[in-house]
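Here's the letter readout for the chains.
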Amino acid sequence: MVYYLIALIVFLIDQGTKYLISSRLQLDEQIPVIGNFFLITSHRNRGAAFSILQNQRWFLILVTIVVVVGIVWYLNKVRKTRRLLPLALALVLGGAIGNFLDRLLTGEVVDFLQFNFGSYTFPIFNVADSCIVVGVALIILDSLLDMKGGGQTEVTEVKETGEAKEGNE
């Protein structure tokens, strides 16, 4: 249940920040946070990550539904036996639902975090995108740890029976 709470918190923070941006800033308005390196920029994206698949709203909605169903199924499967993987899935779930709601209601996603590296501007993103990226990175880390440790990232559930056993059985 705690993992669904994490996903809910991600979703609420994402939606809250998007609401603040869309209600307080004009489209393309910028607020410098750290000089020209980090700016809050009101932007809308009708596509997916890095603005790919522009104006493919229904395709992205359908893909997100499939992904969310898969995450919920897998999260229920691994939540009692793994530690890192359910956290990663919760982050991806909260972010996916946050962007899904934007696409479903308005056909576009509110983005606002802009980073400039000299003359290069990284594509503008939001809290949901950040959580999805962190979640995917943690999924990769969990997989690498699982391969290296032979499954040592699993949690062993111990049940108390109240009986004392003797000898080698």
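Residues numbered from 1 in each chain as written. Predicted model: local features only at pLDDT ≥ 70, side-chain atom pairs only at ≥ 80, totals over all residues. Heavy atoms only, no water.

**Here's the deal with the overall build of the chain**
Step number 1: The number of helices and strands found in the chain is four helices and four strands.
Step number 2: In the chain, the order of α-helices and β-strands from amino to carboxyl end is α-β-β-α-α-β-β-α.
Step number 3: Here the chain holds 169 residues, and 36% of them are scored as buried.
Step number 4: Summarising the internal contacts of the chain: among those between residues at least 6 apart in sequence, 64% fall at separations of at least 24.
Step number 5: Carbon and sulfur atoms provide 64% of the accessible area of the chain, an area that totals close to 10800 Å². (Helix = DSSP H or I, 4+ residues; strand = E, 2+ residues; numbered from the N terminus. Buried < 20%, exposed > 50% of the residue type's maximum accessible area, 1.4 Å probe, protein only. Contact = heavy atoms within 4.5 Å. Areas by Shrake-Rupley, 256 points an atom, 1.4 Å probe, with all protein chains shown as cover.)

**Regarding the UniProt feature "active site" (unreviewed entry) in the chain**
Step number 1: Using the residue numbers shown here, the UniProt feature "active site" (unreviewed entry) corresponds to Asp111 and Asp129. Of the residues just listed, which span 19 residues, no C-alpha pair is farther apart than 8.9 Å, and they cluster in one region. Put simply, the named residues that line the largest pocket are Asp111 and Asp129.
Step number 2: Those residues in contact with Asp111, other than ones at most four positions away along the chain, are Thr41, Ser42, His43, Asn45, Ile124, Phe125, Asn126 and Asp129.
Step number 3: Along the chain, Asp129 turns up in helix H4 (residues 127–149). (UniProt positions renumbered as here; feature names shortened; annotations may be inferred. 1 Å grid on protein atoms, 1.4 Å probe; cavity = no way out; pocket = protein on both sides within 12 Å on 5 of 7 lines; lining within 4 Å.)

**Description of the pairing of strand S1 (residues 30–34)**
A regular strand places its side chains so that they alternate between the two faces of the sheet.
Step number 1: The pairing of S1 with strand S2 (residues 38–45) spans four bridges and is classified as antiparallel. Bridge pairing links Ile31 to Ile40 in S2.
Step number 2: Linkage of S1 to S2, two consecutive antiparallel strands, is achieved through a turn of three residues, within which Gly35 is found at a positive phi near 55 degrees. (Pairing = 2+ DSSP bridges.)

**Some points on a nonpolar patch on the surface**
Step number 1: On the surface, a cluster of nonpolar side chains totalling about 570 Å² of accessible area is made up of Val33, Ile34, Phe37, Phe117, Tyr120 and Phe122.
Step number 2: Note that Val33 resides in strand S1.
Step number 3: Overall, Val33 belongs to the partly exposed group, its relative accessible area being 46%. (Patch = residues over 30% accessible without salt bridge, like charges linked within 9 Å, V, L, I, M, F, W, Y side chains within 5 Å. Salt bridge = Lys/Arg side-chain N within 4 Å of Asp/Glu carboxyl O.)

**Remarks on the sheet that holds S1**
Step number 1: The four strands are arranged S1-S2-S3-S4 in an open sheet whose pairing can be described as antiparallel. Both outer strands of the open sheet, S1 and strand S4 (120–121), are each paired with one neighbouring strand and no more.

**Comments concerning the layout of surface pockets**
Step number 1: Put simply, the largest pocket is a space of about 620 Å³.
Step number 2: Taken together, 26 residues form the lining of the largest pocket, with Ala48, Ala49, Asn99, Asp129 and Ile132 sitting closest to its centre.
Step number 3: Mapped by element, the contributors of at least two residues to the lining of the largest pocket are S2, helix H2 (57–78), helix H3 (84–106), strand S3 (109–117) and H4.
Step number 4: Looking at the lining of the largest pocket residue by residue, the class counts come to 15 nonpolar, eight polar and three charged. (Points joined across faces, edges and corners; volume = space filled by probe spheres on them. Nonpolar A, V, L, I, M, F, W, Y, C, P; charged D, E, K, R; others polar.)

**Details of the nonpolar core**
It is characteristic of soluble globular proteins that their nonpolar side chains tend to be buried jointly.
Step number 1: Ranked by internal contacts, the top residues of the largest apolar core, which has 14 residues, are Ile21, Ile40, Leu91, Phe112, Leu113 and Cys131.
Step number 2: At the level of secondary structure, the elements contributing two or more residues to this core comprise helix H1 (2–24), S2, H3, S3 and H4.
Step number 3: Apart from residues lying up to four places away in sequence, Leu113 is in contact with Phe38, Leu39, Ile40, Pro123, Ile124, Phe125, Asn126, Val127 and Ser130.
Step number 4: Counting residues in hydrophobic clusters, the runner-up holds 12 residues, among them Tyr3, Leu89, Ala90 and Leu93. (Core = buried A, V, L, I, M, F, W, Y, C linked by side-chain atoms within 4.5 Å.)

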